[in-house]
Amino acid sequence: MYHAYFFAGEREEGVAAALAFGERALGLSSTGNPDVLIERHGLFTVDDARRISVKAELSPLVGDKKLYIIAANRLFHEAQNAMLKLFEEPPAETTLVLVIPSEGNLLYTLRSRLQPLPVSTQVQAIDPLSQEFIGGSTTVREKVVANILDEAKSDDDEKKQEARAKALRLAEGLTRAGYGAWRTIKEDSAEAGTLRSFLYDLDRLVPVLHDRAAPLKPILEHLLLTAPKKLS
């Protein structure tokens with residue numbers, strides 16, 4: 001069994017999904033069990049990462065397995081880097097679950113070490129707008145981006161924010177598709193190099209799209225230029 005997972009979505013939903021996974025897959029009851037640990041953070045810092053790395057190495061107290069759930073609204077990039085070794089080589093008896101608002105919050109280096117939490121409540125589907133972009137020709141992709149940018153020029157604030165939401169959904173969809181494609185290619189191929197660069201770009205750009213003041217045009221045009229032709 002894999003030992004490091006992530007859940008992208010609402011925090012308490014993710015914690016509940018991780019607990020259900022622990023009971024179903026690991027046989028760990030979440031009721032009064034010292035081997036089931038949950039930490040909730042608003043902002044997850046480097047100090048938090050270092051403390052958790054030490055805590056994760058401790059042996060289970062009552063059984064032979066331990067579930068450690070870390071739920072955070074935001075993670076500093078430095079904190080993610082501080083957890084790389086832990087998530088790459090978790091202790092054999094410990095299963096880690098990282099709960100974050102969106103997959104785009106994760107750096108490529110950390111995301112590549114994690115598997116999606118295998119639960120039915122987690123939405124893994126890529127939204128129709130992203131599917132249209134991913135499966136489309138260059139002309140179709142340009143049209144998707146042009147439509148979002150046209151909406152963003154509206155005098156109606158609601159339409160402007162909907163355009164931003166579409167841009168974010170598109171970037172999130174490209175992130176999910178990119179990591180899905182990553183599992184099917186050889187890491188030393190030219191195709192892998194292109195995809196890796198694109199995923200690094202998404203690392204930087206998805207968090208920016210959460211800022212209501214961030215300009216959409218250069219971000220979307222960059223994604224249009226750099227998105228691999230094959231993402232599925």
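Residues numbered from 1 in each chain as written. Predicted model: local features only at pLDDT ≥ 70, side-chain atom pairs only at ≥ 80, totals over all residues. Heavy atoms only, no water.

Participant: Summarise the nonpolar core; cite the residues concerned and give the values.
Facilitator: The biggest cluster of nonpolar side chains holds 33 residues, and the ones touching the most others in it are Ile148, Leu174, Leu195, Phe198, Leu202 and Leu220. Considering each element in turn, this core owes the most residues, ten residues, to helix 8 (residues 157–182). The contact partners of phenylalanine 198, leaving out residues within four places of it in the chain, are Leu174, Leu223, Thr226, Ala227, Pro228 and Leu231. Within the second largest apolar cluster, 22 residues are counted, among which are Ala4, Phe44, Ile70 and Ile100. (Core = buried A, V, L, I, M, F, W, Y, C linked by side-chain atoms within 4.5 Å. Buried < 20%, exposed > 50% of the residue type's maximum accessible area, 1.4 Å probe, protein only. Helix = DSSP H or I, 4+ residues; strand = E, 2+ residues; numbered from the N terminus. Contact = heavy atoms within 4.5 Å.)

Participant: With reference to specific residues and values, describe the packing of helix 7 (residues 138–152) against helix 8.
Facilitator: The geometry of helix 7 relative to helix 8 is characterised by a closest axis approach of 7 Å and an angle of 150° between their N-to-C directions. As far as their axial angle goes, helix 8 and helix 7 are roughly antiparallel. Where helix 7 crosses over helix 8, the handedness of that crossing is left-handed. The residues of helix 8 that touch helix 7, namely those facing Val144, Ile148, Glu151 and Ala152, are Lys159, Lys160, Glu162, Ala163, Lys166, Ala167 and Leu170. Of the residues that constitute the contact of helix 7 with helix 8, the class distribution is six nonpolar, no polar and five charged. (Axes fitted to C-alpha atoms, helices over the stretch in contact; angles between N-to-C directions. Parallel < 35°, antiparallel > 145°, perpendicular 65-115°, else oblique. Left-handed = near helix turned anticlockwise from the far one by under 90°. Nonpolar A, V, L, I, M, F, W, Y, C, P; charged D, E, K, R; others polar.)

Participant: Tell me about the packing of aromatic side chains, residues and numbers included.
Facilitator: Considering all chains together, one arrives at four aromatic pairs under this definition. Clustering of aromatic rings is evident, with ring pairs tying together Tyr108, Tyr179, Trp182 and Tyr200. Sitting over the ring of tyrosine 179, arginine 111 keeps its end group 4.4 Å from the ring centre. (Phe/Tyr/Trp six-rings, centres within 6.5 Å; stacked < 30°, edge-to-face > 60°. Lys NZ or Arg CZ within 6 Å of the ring centre and 35° of its normal.)

Participant: Tell me about helix 6 (residues 128–135), and please be specific about residues and values.
Facilitator: Within helix 6, the full set of buried residues consists of Leu129, Ser130, Phe133 and Ile134. Looking down the long axis of helix 6, one finds its buried residues gathered within 130° of arc, a one-sided arrangement. Summarising the geometry of helix 6, the exposed residues directed more than 90 degrees from the buried face are Pro128 and Gly135. (Arc of directions from axis to C-beta.)

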